[in-house]
Amino acid sequence: MAVNYDLIVLGGGSAGLTAAVMSASLGARTLLVERHKLGGDCLHTGCIPSKALIRSANVAALAHRASEFGLNVPAVDVDFPRVMERVAGVIRAIEPHDSPEHLASRGVEVRFGEARFLSPREITLNGETLHSRKFVIATGSRPAVPPIEGLRGYLTNENIFELRKRPEHLIVLGAGPVGVEMAQAFRRLGSLVTLLDLAPRILPREDADVSALITSVFKQEGIRVCANAKVLRDTVRESSSDENDAMTEHMIDFEHGGRHETIGGDALLVAVGRRPNVAGLDLEKAGVAVHLENGPQGIRQGIQQGIQIDARCRTTASNIYACGDVAGRYLFTHTAEYEAKIAVTNAILHVPLKLDYRAVPWVTFTEPEAARVGLTEEEARQKYGNIKVHRITLDHEDRALTDGETQGLVKVIATPKGKVLGAHIASARAGEMILEYTLAMQHGLPLPKLSSTIHPYPTFALAARHAADLYWREKASKTLVRWLQRIFGYSGAIPK
Ligand SMILES: Cc1cc2nc3c(=O)[nH]c(=O)nc-3n(C[C@H](O)[C@H](O)[C@H](O)COP(=O)(O)OP(=O)(O)OC[C@H]3O[C@@H](n4cnc5c(N)ncnc54)[C@H](O)[C@@H]3O)c2cc1C
């Protein structure tokens, strides 16, 4: 059997692009197969369009607050089609970084089409049989759709960024990261928004304090938040035969707090989780096993679905690796890239590097941002029993006051000796601030070390250090706190 390639990568999203470029840079003959567009979810229907939309929404929200800063700004007029054109423009600006020409310059051959396995070492692509020593499967995920009676004509992340007409009333199913980001963005751009979730609170994977703070911000902004909401039925009505003005009305029946309710909206976003893209790959012919959970509970726990991999990203077939969303571990771009590097290091270099998930940070880009690394307070109590919680709010932080961004908190979960077990931040720039605690967890830096590191003033990062300073307060004598106040500018009160 003639071997065409050292490595064939299936899927040209964050994971596949990283795997292919790394493999080629190591001198391996590498083919990347993509069935749609290079760049995947992150570039076309995920991180990039959502963050571009959120930017417009946040500019609008700040303009609404202009008078707080002593500025007279005329009423904010959201030009929704232009907002969405800007989103498309940002995608176009980034697209060339992932083009076939760019990849060719990095030594990667690219072919378009849908590949299927014939055996562990062969695929068929556009009628041709290709052989490779190794494979990386990086085919990503797609939106999960819950089994709700009558559900149709809905939006997902795959088509919401194509809207050019602003919904009057957007109903969002699912209050995970995608649902809450879109809920706040559309509210700030002028839509009415109702957020429904089966879970008892929004952002159920975040620490309860962070979730409560974001809920309170959402309510202040006029988003209707319905947790514990069981959606029963969607009744859809097409309101116009004119294609340009076609509107789909959704009447959503749900149970909420023991009551039955019906709400109507002109757009429905389904954001209840993800499903791995494995259909049509003929994985059974390659001996690659997939773990799939069925039913709403399975959809909720999207993190457990996907191609089974071991700590080296190897599937149940020894020459085939999987990484990114299709492996269903953490569904983020940064983890997709990390897993791709582990897969290629094992597949091409034969170095037995293992996944190390001790400190995986993630950020939900609401305003304030919600960032997390490590265990929540509840998880840490269950696992360790004796823990310390160091928590500050932002209302006394100088930078938060200068910027008018005082809604927020930093909460650090640690052992009594100051080893960081988790950190949770709701704040402007939380996505940047969480890095300090990620480094601390990854490299074993205890709270006294963070506390004794000089942070520039006035920054939001200083709030992260102030939370670490609380370690001393737990231990502290009055003298020690006075010493901290003098040397590091610690602004907390002397213990009574
Ligand atoms: C709205 C939204 C916002 C998000 N925001 C963030 C964020 O801010 N930060 C963050 O870290 N993550 C974010 N994510 C998650 C992030 O987008 C994904 O985790 C990431 O894109 C996963 O990369 P991947 O390479 O595994 O999969 P994908 O990006 O989905 O790429 C898979 C590729 O494989 C191709 N493919 C599928 N099947 C085949 C086949 N049979 N043959 C060939 N090609 C195939 C697909 O066309 C696709 O291009 C967001 C997701 C969504 C939906």
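Residues numbered from 1 in each chain as written. Predicted model: local features only at pLDDT ≥ 70, side-chain atom pairs only at ≥ 80, totals over all residues. Heavy atoms only, no water.

Turning our eyes to something else, we now look at the packing of aromatic side chains. Under the criterion given, the structure shown has seven aromatic pairs. Here the aromatic rings of Phe 117 and Phe 135 are separated by 5.1 Å at their centres, their planes lie at 65 degrees, and the arrangement is edge-to-face. Highlighted residues: Phe 117 in strand β4 (residues 116–119) and Phe 135 in strand β6 (residues 128–137), separated in sequence by 18 residues. On the basis of relative accessibility, which here comes to 0%, the residue Phe 117 falls in the buried class. Given the relative accessible area of 0%, Phe 135 is considered buried. (Phe/Tyr/Trp six-rings, centres within 6.5 Å; stacked < 30°, edge-to-face > 60°. Helix = DSSP H or I, 4+ residues; strand = E, 2+ residues; numbered from the N terminus. Buried < 20%, exposed > 50% of the residue type's maximum accessible area, 1.4 Å probe, protein only.)

The subject of this paragraph is the layout of surface pockets. Its boundaries defined by the atoms lining it, the second largest pocket holds a volume of some 840 Å³. Around the second largest pocket, the lining comprises 29 residues; the ones closest to its centre are Asn 58, Ala 61, Arg 188, Glu 367 and Glu 405. The set of elements that each furnish at least two residues to the lining of the second largest pocket consists of α3 (47–64), α6 (177–188) and α7 (208–220). When residues of the lining of the second largest pocket are assigned to their parent elements, the largest contribution, eight residues, is made by α3. Split into classes, the residues belonging to the lining of the second largest pocket amount to ten nonpolar, eight polar and eleven charged. (1 Å grid on protein atoms, 1.4 Å probe; cavity = no way out; pocket = protein on both sides within 12 Å on 5 of 7 lines; lining within 4 Å. Points joined across faces, edges and corners; volume = space filled by probe spheres on them. Nonpolar A, V, L, I, M, F, W, Y, C, P; charged D, E, K, R; others polar.)

What follows is about a nonpolar patch on the surface. On the surface, a nonpolar cluster with roughly 300 Å² of combined accessible area is contributed by Leu 26, Leu 349, Val 351 and Leu 353. Within the secondary structure, Leu 353 is located in the loop between α10 (333–347) and β19 (362–364). Exposure remark for Leu 353: the relative accessible area of 39% places this residue in the partly exposed category. (Patch = residues over 30% accessible without salt bridge, like charges linked within 9 Å, V, L, I, M, F, W, Y side chains within 5 Å. Areas by Shrake-Rupley, 256 points an atom, 1.4 Å probe, with all protein chains shown as cover. Salt bridge = Lys/Arg side-chain N within 4 Å of Asp/Glu carboxyl O.)

The subject of this paragraph is the nonpolar core. Grouped together as the largest cluster of nonpolar side chains are 52 residues, with contacts concentrated most on Ile 8, Leu 32, Phe 117, Val 136, Ile 137 and Ile 307. For this core, the element with the most residues is helix α1 (residues 14–25), which contributes seven residues. Look past the residues within four positions of Leu 32 in its chain and what remains in contact with it is Val 9, Gly 11, Gly 12, Gly 16, Leu 17, Ala 20, Leu 38, Leu 103, Val 108, Glu 109, Val 110 and Arg 111. Core analysis: the next-biggest nonpolar cluster, separate from the first, contains 39 residues, Val 172, Ile 214, Ala 267 and Ala 271 among them. (Core = buried A, V, L, I, M, F, W, Y, C linked by side-chain atoms within 4.5 Å. Contact = heavy atoms within 4.5 Å.)

This part is about the environment of Leu 445. Note that Leu 445 resides in the loop between α13 (430–443) and α14 (447–451). Classification of Leu 445 as partly exposed rests on a relative accessible area of 32%. Residues Leu 445 and Tyr 357 lie 88 residues apart in sequence; the distance between their C-alpha atoms is 17 Å. Setting aside its immediate chain neighbours within four residues, Leu 445 contacts Val 420 and Ala 440.

Turning next to the site of the ligand. Inspection of the region around the ligand gives 37 residues, with Ala 15, Glu 34, Lys 51, Asp 325 and Thr 333 positioned closest. The separation between an oxygen atom of the ligand and a polar side-chain atom of Lys 51 is 2.8 Å. Residue composition of the shell around the ligand, grouped by class: twelve nonpolar, 17 polar and eight charged. (Near = heavy atom within 4 Å. Polar contact = N/O pair within 3.5 Å; in protein donor to acceptor, adjacent residues only side chain to side chain.)

Its 13 residues give α7 an end-to-end C-alpha distance of 18 Å, which sits within 8% of 18 Å, the value for a rise of 1.5 Å per residue. Those residues of α7 lying buried are Val 210, Ser 211, Leu 213, Ile 214, Thr 215, Val 217 and Phe 218. Of the surrounding elements, those touching the buried residues of α7 are α6, β9 (192–196), β10 (224–226), β20 (369–374), β22 (409–414) and β23 (420–427). Phi for Gly 222, located one or two positions after α7, is positive at around 90 degrees. (Expected span 1.5 Å × (residues − 1).)

Our focus in this paragraph is the confidence of the model for the chain. Across the chain, pLDDT averages 94, with 95% of residues at or above 70. A low-confidence stretch, residues 294–303 stays under pLDDT 50, and its non-local contacts, those more than four residues away or across chains, total 21 contacts. (pLDDT = per-residue confidence, 0-100.)

Glancing now at the pattern of salt bridges. Enumeration over the complete set of coordinates arrives at 32 salt bridges. Here Lys 411 makes a salt bridge to Asp 209, at a shortest N to O gap of 3.1 Å. Of this pair, Lys 411 sits in strand β22 while Asp 209 sits in helix α7, placing them 202 residues apart in sequence. Exposure remark for Lys 411: the relative accessible area of 1% places this residue in the buried category. A salt bridge links Arg 399 to Asp 403, with the nearest nitrogen and oxygen atoms 3.1 Å apart.

On to the sheet that holds β9, then. Strand order in the open sheet made by the four strands is β10-β9-β8-β14, with parallel pairing throughout. At either end of the open sheet lies a strand with only one pairing partner, and these are β10 and β14 (267–270). Here the average twist between neighbouring strands, direction ignored, is 15 degrees. Where strand β8 (residues 169–173) meets β9, five bridges bridge the pair, whose relative direction is parallel. Residue Val 172 lies in a different strand from β9, and its bridge partner there is Leu 195. Of the strands in this sheet, β8, β9 and β14 are in contact with α6, which crosses β9 at around 165 degrees. (Pairing = 2+ DSSP bridges. Axes fitted to C-alpha atoms, helices over the stretch in contact; angles between N-to-C directions.)

This part covers the sheet that holds strand β12 (residues 248–256). Pairing is antiparallel across the open sheet formed by three strands, whose spatial order is β11-β12-β13. Strands at the two margins of the open sheet, each flanked by one partner only, are β11 (229–238) and β13 (259–265). The sheet shows a mean angle of 20 degrees between the axes of neighbouring strands, taken without regard to direction. Judged from the nine bridges that link them, β11 and β12 form a sheet pairing that is antiparallel. By the bridge assignment for β12, Val 236 is matched with His 250.

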